[in-house]
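In case you want the letters, here they are:
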Amino acid sequence: MPRTARDVVFVDGVRTPFGKAGPKGLYAETRADDLVVRAIRELMRRNPSLPPERVDEVAVAATTQTGDQGLTIGRSAAVLAGLPKSVPGYAIDRMCAGAMTAVTTTAAGISFGSYDVVIAGGVEHMGRHPMGEGVDPNPRFLADRLVDPTALVMGSTAENLHDRFPQITKDRADAYAVRSQQKVAAAYAAGRIQPDLVPTAIRSAEKGWGLATEDEPPRPGTTLEDLAKLKTPFRVAGNVTAGNAAGLNDGATACLLAAEDVAAELGLTPKMRLVDFSFAGVEPEVMGVGPVPATEKLLARNSLTMDDIGLIEINEAFAVQVLAFLEHFKIADDDPRVNPWGGAIALGHPLASSGVRLMNQLARLFEERTDVRYGLTTMCVGMGMGGTVLWENVNWEGAK
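Residues numbered from 1 in each chain as written. Predicted model: local features only at pLDDT ≥ 70, side-chain atom pairs only at ≥ 80, totals over all residues. Heavy atoms only, no water.

**Student:** Hey, could you run me through the UniProt feature "domain: Thiolase N-terminal" (unreviewed entry) in the protein in this one?
**Tutor:** UniProt's entry tags residues 8-261 with the feature "domain: Thiolase N-terminal" (unreviewed entry), counted in the numbering of this structure. The span residues 8-261 shows a helical share of 31% and a strand share of 19%, and its end C-alpha atoms are spaced 9 Å apart. (UniProt positions renumbered as here; feature names shortened; annotations may be inferred. Helix = DSSP H or I, 4+ residues; strand = E, 2+ residues; numbered from the N terminus.)

Printed below as a string of structure tokens:
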């Protein structure tokens with residue numbers, strides 16, 4: 001029988017605090033799958049009206065699917081989190097857009113009628129599993145000149161973007177990075193980031209057991225003078241530094257999606273409605289420009305322009321990548337619609353988990369900004385892609 005597409009809502013989202021990757025980071029002694037389990041359990045705790053057996057799928061993204069990020073982590077994390085063994089799960093990979101793809105893929109299933117309620121998220125423990133661990137790129141990529149050699153080094157792709165957009169100078173990228181740090185510090189001071197952070201048990205040889213309750217990467221008080229002193233590791237006298245790029249991080253995210261009618265049936269309160277999504281490919285050597293065509297496709301398909309978008313949560317893999325997006329759409333570097341509470345340059349970017357962090361922040365912003373109807377979550381993706389999701393504020397005052 002023909003099926004009618006159903007509206008999909010974002011009910012709730014949580015994440016662990018993000019840590020710095022490495023032997024001294026928050027999660028040096030913590031397993032990746034335990035981070036996901038913590039997030040899933042918190043989602044269920046915060047939504048007691050949801051019977052666990054009503055969860056139809058658990059999709060968890062990880063870029064490096066080995067070790068404690070392997071074993072079909074969506075299924076293994078569901079079992080470890082105490083969900084009924086009747087609840088299936090799977091793993092997914094679209095590098096940086098892993099969690100975003102977990103959301104869009106399962107949301108499509110909800111819209112089609114195959115699911116009613118799903119959990120989607122992502123994890124990356126870059127301390128245990130560095131980017132590219134175990135990867136064996138086919139030599140034809142370079143031998144057949146299918147991609148430029150720099151395409152395989154994310155920092156080099158950011159330097160390439162500076163070449164393509166010479167008006168985006170290092171000073172401009174550094175200024176953007178400083179603002180990101182300032183916005184995160186202000187959001188923390190106002191208590192805006194903390195509500196969706198899941199206190200997470202940690203352990204170290206020096207200090208024993210502890211509890212992670214806030215993000216480790218932010219560097220409040222960062223100045224332009226500080227950033228000007230940093231090395232440019234990807235190119236001599238280059239533009240990309242550790243200060244105007246996201247770091248290497250560990251962390252997990254998870255969110256609850258449902259058909260809008262099922263959410264009402266179960267007493268779940270939605271935060272935003274998924275309107276549409278789009279992914280697009282670009283030359284891998286300038287992967288940071290990926291959000292541009294993905295967003296163009298999405299806006300055109302929905303007969304919208306950037307003027308209709310009241311909030312934009314864009315992943316800050318590199319400052320130049322964000323600025324290239326803003327440049328294309330003629331948006332000012334300091335437009336208040338863009339990452340009002342800061343982004344990954346300050347908070348961190350644990351690859352496959354970051355897409356849901358963007359959604360968490362947009363959902364919170366929608367609660368405060370009932371004057372805004374539409375918002376975007378968008379990000380660049382390694383190997384030359386971009387992804388964008390269009391959301392509608394369920395509390396938009398214009399609908400009343």
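**Student:** I keep staring at the environment of Glu 133 and nothing clicks. Help me out?
**Tutor:** Assignment of secondary structure puts Glu 133 in the loop between strand S5 (117-125) and helix H4 (140-143). Overall, Glu 133 belongs to the partly exposed group, its relative accessible area being 35%. Along the primary structure Glu 133 and Thr 63 are separated by 70 residues, whereas in three dimensions their C-alpha atoms are 9.7 Å apart. Ignoring sequence-local partners within four residues, the contact set of Glu 133 consists of Thr 64, Thr 66 and Arg 128. (Buried < 20%, exposed > 50% of the residue type's maximum accessible area, 1.4 Å probe, protein only. Contact = heavy atoms within 4.5 Å.)

**Student:** Which parts of the structure should I look at to understand the UniProt feature "active site" (unreviewed entry) in the protein?
**Tutor:** Look at the UniProt record and you will see "active site" (unreviewed entry) annotated at Cys 96, His 349 and Cys 380. Spanning 285 residues, the named residues form one tight spatial group whose C-alpha atoms are at most 11.9 Å apart. Inspection of the secondary structure assignment puts Cys 96 in the loop between strand S4 (89-92) and helix H3 (98-112). Given the relative accessible area of 8%, Cys 96 is considered buried. Once you skip the residues sitting within four places of it in the chain, Cys 96 turns out to touch His 349, Leu 351, Ala 352, Met 379, Cys 380, Val 381 and Gly 382. With respect to the element layout, Cys 380 can be found in strand S11 (residues 374-381). If sequence neighbours within four positions are ignored, Cys 380 has contacts with Cys 96, Met 287, Gly 288, Pro 291, Ala 317, Gln 321, Met 385 and Gly 386.

**Student:** Could you clarify how one ought to interpret the packing of aromatic side chains in this entry?
**Tutor:** The relative placement of two aromatic rings is captured by the distance of their centres and the angle of their planes. Per the stated rule, a full pass over the model turns up three aromatic pairs. Relative to Trp 391, the ring of Phe 10 lies with its centre 5.8 Å away and its plane at 85°, an arrangement referred to as edge-to-face. Of this pair, Phe 10 sits in strand S1 (residues 8-15) while Trp 391 sits in strand S12 (residues 385-393), placing them 381 residues apart in sequence. The same class applies to Phe 10 as to Trp 391, namely buried. Both rings, one in Phe 325 and one in Phe 329, keep their centres 4.9 Å apart while their planes meet at 55°; by these two values the pair is tilted. Each of the two residues, Phe 325 as well as Phe 329, counts as buried. Seen from the ring of Phe 18, Arg 15 lies directly overhead, with NZ or CZ sitting 4.4 Å from the centre. (Phe/Tyr/Trp six-rings, centres within 6.5 Å; stacked < 30°, edge-to-face > 60°. Lys NZ or Arg CZ within 6 Å of the ring centre and 35° of its normal.)

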